[in-house]
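# Structural features, examined
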Amino acid sequence: MRGLKRMICALLCLVLLPLASPGAAGAESAEAAPSIRVNLRRLALTDRADLWLDGVYTARTGSGAELAFPRGSEVTVQLRDGALYLFYQGMSLRAGGSLYLERHASETQPTDGVRFARGGNYYPGNLLLSVSGGAIQAVLSISVEDYLLGVVPYEMSDSFPLEALKAQAVCARTYALAHVNPGADWDVVDTTNDQVFRGVNGLYQNAARAVRETAGIVGMYRGSLATCYYSASNGGQTELVENVWSGRGDWGYYAMVDDPYDVENPESIVRRARISKSGTGLSDAFLEILCNYLAPVMTRNGYVPEVSALRVDAIEDMALVGPAHGEESRLMTGLSITLRWSGRKLVQPGKQLNVVTTAPRETDEDFSLLSTATPGATATPTPLPTAVPSPTAAPTAYLSDWIEAATPATITLELFPDVVQALKLNIGGMNNELLTLVEDDSTYTLESRRYGHGVGMSQRGAQWMAGQYGMTFDQILAFYYPGMTLMVAPSGAQVLSTAAPNLVNTPGPAATATPRPTLMPVTGEVPEGAWLASVEGVDDDSSLNLRSEPSLAGEILMRLYKHQQLVVLETCEDPAWVHVKTDVTEGYVMVSFLERVEDGE
């Protein structure tokens, strides 16, 4: 791996110089900037791509045919019978298995690019469209500095302090260059699998300034490009690469250190669960977990091992235990609880239980299987449900009143995933939240923090360091990557070929717009039990797949664009999917991309 990175550095002519001062890297280099190839998966292209060419482009097919386009051309590429077809102003061209759109130099507007929605973000680079897995695959070749303009404001808000944005720019640049792989079809994808890239929006001036003022700065370790991982919030302690991902590597520029800046930032996500020492108010999900752990003790002592027959009388002690990665790790794996409890046993008529029962508590009504005796009266046992009566049926068994266990029980619960979810402490879905425990006279309070893997820079920590402590980007990076050295690489503009003068200067015929498909109508009354929704959880330049079955493996029937209304007929067995229809089609979509349409909208 290290040898590959050194080779990449040489190929990209990265004549690296030490970083002299925080502002020393802003000068433009005369050398060409390195480029990065981005797989545009986020666009979710299927069998159609609508393109607005905001620049001078030449299209080349796999068979060598060429077609030149002036600025402002609107074209459509469709996949039919395994081949790509290019449509422009009533003309069509069979491109075959691939279509390459090359951007040319333009004196009138250097910030050219392809747009995937009218007025949407632009993608300044060369675009390769090909067929992969029965759908259109789009890979953009773009200079690293232009790429960062579409990464930094989406990985870190444009409203963050400038020095935090600069730190983000250096991390994103280093990460991208470290992933250049000439032997692959692309280098990175445009999602959180690598770095979020959504094209360039000129409104994000703070992020653009951060990219410009750190131009070419990268992180190095032992002569190779570092891999700068980062996450939204580390929860108060940085994590090590080897603790999160398997595989070998030299990660000596990372360290496991406490991060007070992340904890101090009020925008870092914190979730809390309060547990009363009296044992009251526990959720059904948490009681179920306690019952599962106590079941062997309950069974051994004749208690019914079911939630309805368990009552927590008091919690005497609670502690977080089991650091996951050595004593210095704040990632705990267990929750130790010492509790006093009562249960119920099975009793048959005519048999007497010589036990001491505790007085009924206010929480008894939670257990609807049993009736509570009137004070001062003799309790009447509540019979258990029985099978169909028969003359030879065994005597009916009853549940006893509450019987307090002779001794408290100490159990250690595994925190991930069930306990954290039962207490609603889960944040990022990675089963790695950092938990702390606070005790007062009446309660134990569990707090969870961390959103993301926790390796490298915390974006919330960087925000607080820059905004509250006035720290510069290089100081931020030194804290999160203590073994990394900052160097300066060439960062000049992308070298573009020059199109024929008559193509650049002579306007082409007026373009006939290739419109996005009209939204389908939804008319008539919404059936009883159904509801009206609108596709809103996609970007303007993306779409939602309508599938033949409620699964990502289902055949894609068509693409649904933003603001398309749908009638939601029912929720599927997998609640992440719903059955939908319009006047002209029917299928399944993921409900997370929909918003309910209120009456009158």
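Rules and cut-offs
Here, residues in each chain are numbered from 1, in the same order as that chain's written sequence. Reporting of local features is limited, given that this is a predicted model, to residues whose pLDDT is at least 70; pairs of side-chain atoms are given and counted only at 80 or more, and all residues count toward the totals for whole chains, interfaces and linings. With hydrogens and water set aside, each side-chain value is computed from the structure's full complement of heavy atoms. Secondary structure follows DSSP: runs of H or I at least 4 residues long count as helices, runs of E at least 2 residues long count as strands, and numbering of each begins at the N terminus. If DSSP finds at least two bridges between two strands, the strands pair. Each residue gets one of three labels from its accessible area relative to the maximum for its type: buried under 20%, exposed over 50%, partly exposed in between, using a 1.4 Å probe on protein chains only. A positive count includes Lys and Arg, and a negative count includes Asp and Glu. His and the chain ends are not counted in either. When a carboxyl oxygen of Asp or Glu lies within 4 Å of a side-chain nitrogen of Lys or Arg, that pair is called a salt bridge. Residues adjacent in sequence count toward polar contacts only when both atoms are side-chain atoms; beyond that, a polar contact is any pair of N or O atoms within 3.5 Å, and within protein one must be able to donate a hydrogen and the other to accept it. By definition in these notes, contact holds between two residues if any of their heavy atoms fall within 4.5 Å. Pairing of aromatic side chains here covers Phe, Tyr and the six-membered ring of Trp, requires ring centres within 6.5 Å, and sorts the geometry by plane angle: under 30 degrees stacked, over 60 edge-to-face, intermediate tilted.

A few words on unusual backbone geometry. Note that the residue after phenylalanine 416, namely proline 417, is joined by a cis bond; omega there is -5°. Note that proline 417 resides in helix H9 (residues 415–422). One non-glycine residue, alanine 44, lies in the positive phi region at around 55°. On the secondary structure map, alanine 44 appears in the loop between strand E2 (35–39) and strand E3 (48–54). One non-glycine residue with positive phi stands out, namely glutamine 89, at about 50°. Locating glutamine 89 in the fold gives a position in the loop between strand E7 (83–88) and strand E8 (91–96).

Further remarks concern the sheet that holds strand E11 (residues 122–123). Ordered in space as E8-E7-E6-E3-E10-E11, the six strands form an open sheet in which the pairing is antiparallel. Both edges of this open sheet fall to E8 and E11, since each of them pairs with a single strand only. The pairing of E3 with strand E6 (residues 73–80) spans six bridges and is antiparallel. Within E6, the position partnered with leucine 53 by the bridge is serine 73.

Among the secondary structure elements, aspartate 158 is positioned in the loop between helix H3 (152–155) and helix H4 (162–178). The charged side chain of aspartate 158 is buried without a salt bridge, its nearest counter-charge being arginine 212 at 10 Å. Polar side-chain contacts of aspartate 158 include one of 2.7 Å to the backbone nitrogen of alanine 207. If we ignore the near neighbours within four places in the chain, the residues touching aspartate 158 are Pro153, Leu165, Leu203, Tyr204, Gln205, Asn206 and Ala207.

This next bit is on helix H10 (residues 459–469). Where H10 is concerned, the buried positions are Gln459, Gly461, Ala462, Gln463, Trp464, Met465 and Ala466. In this fold, the buried residues of H10 make contact with H3, H4, strand E17 (230–231), helix H7 (260–264), strand E28 (457–458) and helix H11 (473–480). Of the residues one or two after H10, glycine 470 is the one with positive phi, at around 65°.

Summed over the entire model, instances satisfying the criterion amount to 17 aromatic pairs. Here tryptophan 251 and tyrosine 253 contribute two aromatic rings whose centre-to-centre distance is 6.3 Å and whose plane-to-plane angle is 55°, an arrangement assigned as tilted. Measuring from ring centre to ring centre gives 5.3 Å for tyrosine 261 and tyrosine 469, while their planes differ by 80°; the resulting arrangement is edge-to-face. Taken as a pair, tyrosine 261 in helix H7 and tyrosine 469 in helix H10 lie far apart in primary sequence, 208 residues in all. Judged by its relative accessible area of 44%, tyrosine 469 is partly exposed.

Here we take up the environment of serine 543. By secondary structure assignment, the location of serine 543 is in the loop between strand E30 (531–535) and strand E31 (544–547). In this structure serine 543 comes out as buried when scored by relative accessible area, which is 6%. In sequence terms serine 543 and leucine 45 are 498 residues apart; their C-alpha atoms lie 7.8 Å from each other. Excluding anything up to four places from it in sequence, serine 543 contacts Leu43, Ala44, Val538, Arg559, Leu560 and Tyr561. Side-chain polar atoms of serine 543 contact the side chain of arginine 559, separated by 2.8 Å.

Another point: the pattern of salt bridges. Following the criterion strictly, the structure yields 21 salt bridges and no others. When the shortest N-O distance is used, the salt bridge between glutamate 447 and arginine 449 registers 3.3 Å. With respect to burial, glutamate 447 and arginine 449 carry one shared label: buried. Taken together, the shared-partner salt bridges connect Glu163, Lys166, Arg209 and Glu213 into one network.

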